[in-house]
Amino acid sequence: MRKESYFRAPREVALALLARAQTVHVATTRPDGLPVLRAMNAVLVDGAIAVHGAHLGEKASTVGRPAVVSAEEVVAQLPSYFFDAQRGCPAATFYRSAQAHGRIAEVTDRAEKARVLQAFMEKYQPEGRHVRVTADDPLYAASVDETLVLRIPLEQVDGKDKLGQNRPPAQLQHVLERLWARGDPGDAAAVDAIRDANPAVPEPPFLTSPQGVTLRCALAAESADEVADLLADAEWLRSVGRDAVVRAHLLASAWVGARGPEGELVASARAMSDGCVAYLADIIVAPRWRKLGIGRAVIRLLLDHPTLRHAHSLRLQTREHRDVFEQYGFVDAAWRRNPDDPVELVLERRTR
């Protein structure tokens, strides 16, 4: 395997990884010196990693012991044939990781315990639908008392990003092209991550965009409020609430867009697809960025997205800009019952 260099991530980037990780690994020792390594759910509260469990058991015996907490996420697995037709050595993994050191302490204050337990609910049950956890609520009094809550103050935090920063820009451009062509789950997001870490990489052809904007292959949850703002005045969403717009984008099979020079979201488009049939929706360009070709670039990227590129039927409804979609082969599906109905366009194509 190819030996990769990595770049240290800023403390706040490492903390963000520890905070969003669904599972962290905690390494420590028991009082008798035997090692302990546990995979745990965890939350980041007030600069400390917090975990919970039962008062009886191995976790309780680690109070006062030094510990290491780690989390990692694979960005992309790169097979050797991305780089060499014969040798296996060039295979590589691009990843992010974070590690923190601290000493385990028990949380005994009931109000603080309840706050930590509520943080667990917010992370692992973000939809809510429960009474907020507080120490003085009879619903939770027994649970707060019976639950062991441990915190690990983060005395030292280190982060690593291994995203090809030591590779030549031309080679990374090739990696982006291969990832997009492969189209496995996570590959679209990997394209964005690698570009962010390597801004000098030349723009691959599939990401060609009008000057001043950058196409994004996989807009993420943190973009949800931005797209809701972008679509706030959209006529076709006049009767749809903001929460529904956000939810629709978070559940999309594909969600692409474009960002301006300051990182602001200037265009967005999403689709739902089962691999055979796809429905395009909410294609929008910010008013001051229109008539620059950004909408066409975003549509082109969406149509070639891995979750759509094999669909044999693509559909959308529109009341305007029909000519833009016709450039890509869409035709009138002729379902309208009266002239005021939106036009439904369909693109039928052979799968590749």
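Everything below is about the structure printed above this text.
Report on the accompanying structure. Bear in mind that the values here come from a model prediction, so they are computed numbers and not experimental data. (Residues numbered from 1 in each chain as written. Predicted model: local features only at pLDDT ≥ 70, side-chain atom pairs only at ≥ 80, totals over all residues. Heavy atoms only, no water.)

1. Observations concerning the packing of helix α4 (residues 169–182) against helix α5 (residues 187–197)
It is at 8 Å that the axes of α4 and α5 come closest, and there the two elements cross at 165°. If you check the angle between α4 and α5, you find them roughly antiparallel. The two elements α4 and α5 cross, and the hand of that crossing is left-handed. Contacts between α4 and α5 involve Leu172, Val175, Leu176, Leu179, Trp180 and Arg182 on the former and, on the latter, Asp187, Ala188, Ala190, Val191, Ile194 and Arg195. (Axes fitted to C-alpha atoms, helices over the stretch in contact; angles between N-to-C directions. Helix = DSSP H or I, 4+ residues; strand = E, 2+ residues; numbered from the N terminus. Parallel < 35°, antiparallel > 145°, perpendicular 65-115°, else oblique. Left-handed = near helix turned anticlockwise from the far one by under 90°. Contact = heavy atoms within 4.5 Å.)

2. Quick notes on the sheet that holds strand β1 (residues 7–9)
In spatial order, the strands read β1-β10-β7-β6-β2-β3; together these six strands make up an open sheet with antiparallel pairing. Each of the sheet's edge strands pairs with one partner strand only, and the pair in question is β1 and β3 (35–40). Across the sheet, the mean angle from the axis of one strand to that of its neighbour is 20°, orientation sign disregarded. The pairing of strand β2 (residues 24–29) with strand β6 (residues 66–78) spans three bridges and is classified as antiparallel. Each residue of the ladder has a partner; that of Val26, found in β6, is Val69. (Pairing = 2+ DSSP bridges.)

3. A few points about the side chain of Arg195
Topologically, Arg195 is positioned in helix α5. In contact with Arg195, other than residues within four places in its own chain, are Leu176, Glu203, Leu207, Thr214 and Leu215.

4. What to know about the nonpolar core
The biggest cluster of nonpolar side chains holds 62 residues, and the ones touching the most others in it are Leu179, Leu280, Leu314 and Phe330. It is helix α8 (residues 294–303) that contributes the most residues to this core, seven residues altogether. The residues contacting Phe330, other than those within four sequence positions of it, are Leu280, Leu303, Leu314, Arg315, Leu316, Phe325, Leu345, Val346 and Leu347. (Core = buried A, V, L, I, M, F, W, Y, C linked by side-chain atoms within 4.5 Å. Buried < 20%, exposed > 50% of the residue type's maximum accessible area, 1.4 Å probe, protein only.)

5. Quick look at the packing of aromatic side chains
Inspection of the entire model under this criterion finds five aromatic pairs. With a centroid separation of 5.9 Å and 70° between ring planes, the pair formed by Tyr81 and Phe82 is classed as edge-to-face. Relative accessible area serves as the criterion here: at 3%, Phe82 is assigned to the buried category. Ring centres of Trp180 and Phe206 lie 5.0 Å apart, and the angle between their planes is 5°; on these two criteria the pair is classed as stacked. Taken as a pair, Trp180 in helix α4 and Phe206 in the loop between α5 and β11 (214–216) lie far apart in primary sequence, 26 residues in all. A relative accessible area of 3% means that Trp180 is categorised as buried. Residue placement shows Arg167 over the ring face of Phe83; its charged tip is 4.7 Å from the ring centre. The ring of Trp180 carries Arg309 above its face, with NZ or CZ at 5.4 Å from the centroid. (Phe/Tyr/Trp six-rings, centres within 6.5 Å; stacked < 30°, edge-to-face > 60°. Lys NZ or Arg CZ within 6 Å of the ring centre and 35° of its normal.)

6. Some words on α4
Along an α-helix, residues three or four apart share an orientation, since each turn contains 3.6 residues. For α4, with 14 residues, the first-to-last C-alpha span of 20 Å sits near the 20 Å given by 1.5 Å per residue. Elements in contact with the buried residues of α4: β6, β7 (92–103), α5 and α8. Phi for Gly183, located one or two positions after α4, is positive at around 70°. (Expected span 1.5 Å × (residues − 1).)

7. With respect to the pattern of salt bridges
Applying the stated criterion across every chain, the model contains 22 salt bridges. A salt bridge links Asp192 to Arg216; its shortest N-O distance comes to 4.0 Å. Note that Asp192 is positioned in helix α5 and Arg216 in strand β11, a separation of 24 residues in sequence. For the pair Asp192 and Arg216, a shared accessibility class is recorded, and that class is buried. For the salt bridge of Glu326 with Arg322, the shortest nitrogen-to-oxygen distance reads 2.8 Å. Here Glu326 and its partner Arg322 are both found in helix α9 (residues 322–326), four residues apart, which amounts to about one turn of the helix. Through salt bridges that share partners, Arg30, Asp32, Arg38 and Glu58 make up one connected network. (Salt bridge = Lys/Arg side-chain N within 4 Å of Asp/Glu carboxyl O.)

8. Side note on the environment of Val331
Along the chain, the position of Val331 falls in strand β16 (residues 331–332). The class for Val331 is partly exposed, based on a relative accessible area of 46%. C-alpha of Val331 to C-alpha of Glu348: the two residues are 17 residues apart in sequence and 8.9 Å apart in space. Excluding its chain neighbours within four sequence positions, the residues that come into contact with Val331 are Glu344, Leu345 and Val346.

9. Remarks on unusual backbone geometry
As a rule of thumb, non-glycine residues mostly have phi less than zero, and peptide bonds are mostly trans rather than cis. You will see that Arg129, though not glycine, has its phi angle at about 60°, which is positive. Note on placement: Arg129 falls in the loop between α2 (110–124) and α3 (141–146). The class for Arg129 is exposed, based on a relative accessible area of 79%. The phi dihedral of Asp282 falls on the positive side, at around 55°, and the residue is not glycine. Counting through the fold element by element, Asp282 comes out in strand β14 (residues 277–285).

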